[in-house]
Amino acid sequence: MADQKKIVTESGIEIKQVYSEHPGIKETPGEFPFTRGVQHDMYRSKLWTMRQYAGFSTAEESNRRYHYLLNQGTTGLSVAFDLPTQIGYDSDHDLSDGEVGKAGVAIDSLRDMEILFNGINLENISTSMTINSTASILLAFYIALARKQGADIKKISGTIQNDILKEYAARGTYIYPPKPSMRIITDIFEYCSKEVPKWNTISISGYHIREAGSTAVQELAFTLANGKAYVKAAIEKGLDIDVFGKRLSFFFNAHNNVFQEVAKFRAARRMWAKMMKDLGAKDPKAMMLRFHTQTGGSTLTAQQPMNNIMRVTLQALSAVLGGTQSLHTNGYDEAISLPTEEAARLALRTQQVIAYESGVVDTVDPLAGSYFIESMTDEIEAKAWAYINQIDAMGGSVSAIEAGFIQNEIARASYDYQQSIEKNERIIVGVNQFAMEEPPFDKVFMVDDNIRQLQIKKINTLKSERDSKKANDCIAKVEQTAKDGGNLMPPIIDAVENLATLGEIADSLRRAFGEY
């Protein structure tokens, strides 16, 4: 592909689109197996999507933050949901007490979703939603809202995380047993391939595996093993790998070791391309690993929090050098509280400085050919394949999770890492070295404890105003479809459009599938 763009440094040196005159470089960017990137020209023609993960309190408060971020130059939204929303409880449920609006925004119904995106045209923005067990319901809210806005749902774009296997292995916000959970996911694949073709139906997540304490190799291996399990489940359902394969995306972590992270991202693309080809994909676009990156939350320190600005910068740089398609940068204060507006703005500015001032976007895969990077990429790949072969021998990811293998490997790595810090074998600046007396950090973002009462009032109003018979009939239809084996998405969308709540729909699936 010809590149028409001419880029020259301030010293008058022209930067080529790609550099290939090195024995360590075997591949061309944009071509199988995509080690060097999924596009021929990468960021020369289009920068990554700059997302800032945000959600807290009520839909009204989160909507204000989204408009603020959009005004500051963010190019995609990324929604954080509170724990009750993530595990299928309405805000008025007893188990929601103390958690409403804390770790994300509380969404109980389509009305909350309307407020969350008030003034935002869903045809014009890409939205990522970090949601797993209740992903089908949140996607239904989004589709129903798009219809209310008059949008063509075939044009709306975004991603639902929808990766339940890593919840069993690393994070814990699962509801149903593994097999029905996999069924819900493949139902989403099937529905979206026909009705919402631009939607990324899953973001197979290594992020939370790494946050739970895994190594970079484990993050890569377990994520791709989970991806393989989803693909095989979809094939068994009769879906076309060359169709649904194009809508799979990934979500990786970026930690402080810049070169290791770059090598991990490069190895991930190469491994996934080979894996998809072996599973029967023929369309190169179905073999491309496209991914979102978030900087490492677990690397942030409450001690000397301003040091986190440097950590986030290094991590963001590694994601860009590694060829990410989308990026979220953490606020420097997130080891203490939800990010303040100032911290969120600075995190976004970090991406913008890398994009517009650093020069790292001017050529494709700029570290390619480095003996170190090429060797590291090969070594990470070899170690990750060894894990995947071990998981395959156990019968795949579901079996490996049920046997506790993946959880135990992560726990062991986490313990070893913590031991290395406590023994001062690994230095964390401001924690086990270069510590100092500090005044209390006073720029803490707090969520009002009265949020739950506000949400309960909304739920009561909604239930008094809706057509209760229609809502209950729709909820019963969801439960019956879950038992009969039909695709769950159409009845869930009908239910949310008739103002059934998230908790009511999740409970209907609990009755059909049981809890895990």
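All of the points below concern the structure found in this document. Remember, predicted model here, so these are calculated numbers, not experimental data.

**Points about the pattern of salt bridges**
Okay, step 1: In this structure the tally under the stated criterion is 32 salt bridges.
Okay, step 2: Salt-bridge contacts for Arg-64 lead to Glu-61; the nearest nitrogen and oxygen are separated by 2.4 Å. Of this pair, Arg-64 and Glu-61 both sit in helix α1 (residues 59-72), three residues apart, which is roughly one turn of that helix.
Okay, step 3: Given a relative accessible area of 51%, Arg-64 falls into the exposed group.
Okay, step 4: Owing to a relative accessible area of 31%, Glu-61 belongs among the partly exposed residues under this scheme.
Okay, step 5: Across the pair Arg-466 and Glu-504 runs a salt bridge whose closest N-O atoms are separated by 2.9 Å. With Arg-466 in the loop between α17 (451-465) and α18 (468-484) and Glu-504 in helix α20 (residues 502-513), this pair connects stretches of sequence that are 38 residues apart.
Okay, step 6: By relative accessible area, Arg-466 is classed as buried at 11%.
Okay, step 7: Residue classification places Glu-504 among the buried residues on the basis of a relative accessible area of 16%.
Okay, step 8: Salt bridges here are not isolated pairs; linked through shared partners, they connect Arg-36, Arg-266, Asp-365 and Glu-374.

**Comments concerning empty space enclosed by the protein**
Okay, step 1: Considering all chains together, one arrives at four cavities of 30 Å³ or more under this definition.
Okay, step 2: What lines the largest cavity is a set of 16 residues, among which Tyr-43, Thr-363, Val-364, Asp-365 and Pro-366 lie closest to the centre.
Okay, step 3: Forming the boundary of the second largest cavity are Asn-132, Ser-133, Ala-135, Ser-136, Asn-162, Ile-164, Tyr-176, Ser-181, Ile-184, Ile-185 and Ile-188.
Okay, step 4: Looking at the lining of the second largest cavity, the elements with two or more residues in it are α4 (135-149) and α6 (178-195).

**Some points on the nonpolar core**
Okay, step 1: By size, the foremost hydrophobic cluster in this structure holds 75 residues, and its most contacted members are Trp-48, Phe-189, Leu-220, Leu-224, Tyr-230, Trp-272 and Ile-406.
Okay, step 2: Excluding its chain neighbours within four sequence positions, the residues that come into contact with Phe-189 are Thr-201, Ile-202, Tyr-230, Ala-234, Leu-239, Phe-244 and Leu-248.
Okay, step 3: Of all hydrophobic cores here, the second largest spans 61 residues; its members include Tyr-68, Ala-144, Ala-146 and Ala-344.

**A closer look at the sheet that holds strand β5 (residues 126-130)**
Okay, step 1: If you walk across this open sheet you meet the nine strands as β7-β6-β5-β4-β3-β11-β10-β9-β8, and the pairing is parallel. Each of the sheet's edge strands pairs with one partner strand only, and the pair in question is β7 (199-200) and β8 (202-205).
Okay, step 2: Looking at chain direction, strand β4 (residues 76-80) and β5 are connected through four bridges and run parallel. Of the residues in β5, the one forming a bridge with Ser-78 is Ser-128.
Okay, step 3: The strands touched by helix α10 (residues 258-278) are β9 (248-254) and β10 (291-295); relative to β9, the strand with the most contacts, the crossing angle is about 155 degrees.
Okay, step 4: Here helix α12 (residues 307-321) sits on the sheet and contacts β9, β10 and β11 (326-328); the angle it forms with β10, its principal contact strand, is near 165 degrees.

**Comments concerning the side chain of Gln-315**
Okay, step 1: Relative to the helices and strands, Gln-315 is located in helix α12.
Okay, step 2: Taking relative accessible area as the criterion, Gln-315 reaches 0% and is therefore assigned buried.
Okay, step 3: Within polar-contact distance, the side chain of Gln-315 engages the side chain of Asn-256 at 2.6 Å.
Okay, step 4: If sequence neighbours within four positions are ignored, Gln-315 has contacts with Ala-254, His-255, Asn-256, Thr-295, Gly-296 and Thr-299.

**Overview of the environment of Phe-32**
Okay, step 1: In this fold, Phe-32 is placed in the loop between β2 (14-15) and β3 (49-54).
Okay, step 2: With a relative accessible area of 35%, Phe-32 lands in the partly exposed category.
Okay, step 3: Apart from the residues within four sequence positions on either side, Phe-32 is in contact with Ala-273, Lys-274, Lys-277 and Met-287.

Thresholds, definitions, all that
Residues numbered from 1 in each chain as written. Predicted model: local features only at pLDDT ≥ 70, side-chain atom pairs only at ≥ 80, totals over all residues. Heavy atoms only, no water. Salt bridge = Lys/Arg side-chain N within 4 Å of Asp/Glu carboxyl O. Helix = DSSP H or I, 4+ residues; strand = E, 2+ residues; numbered from the N terminus. Buried < 20%, exposed > 50% of the residue type's maximum accessible area, 1.4 Å probe, protein only. 1 Å grid on protein atoms, 1.4 Å probe; cavity = no way out; pocket = protein on both sides within 12 Å on 5 of 7 lines; lining within 4 Å. Points joined across faces, edges and corners; volume = space filled by probe spheres on them. Core = buried A, V, L, I, M, F, W, Y, C linked by side-chain atoms within 4.5 Å. Contact = heavy atoms within 4.5 Å. Pairing = 2+ DSSP bridges. Axes fitted to C-alpha atoms, helices over the stretch in contact; angles between N-to-C directions. Polar contact = N/O pair within 3.5 Å; in protein donor to acceptor, adjacent residues only side chain to side chain.

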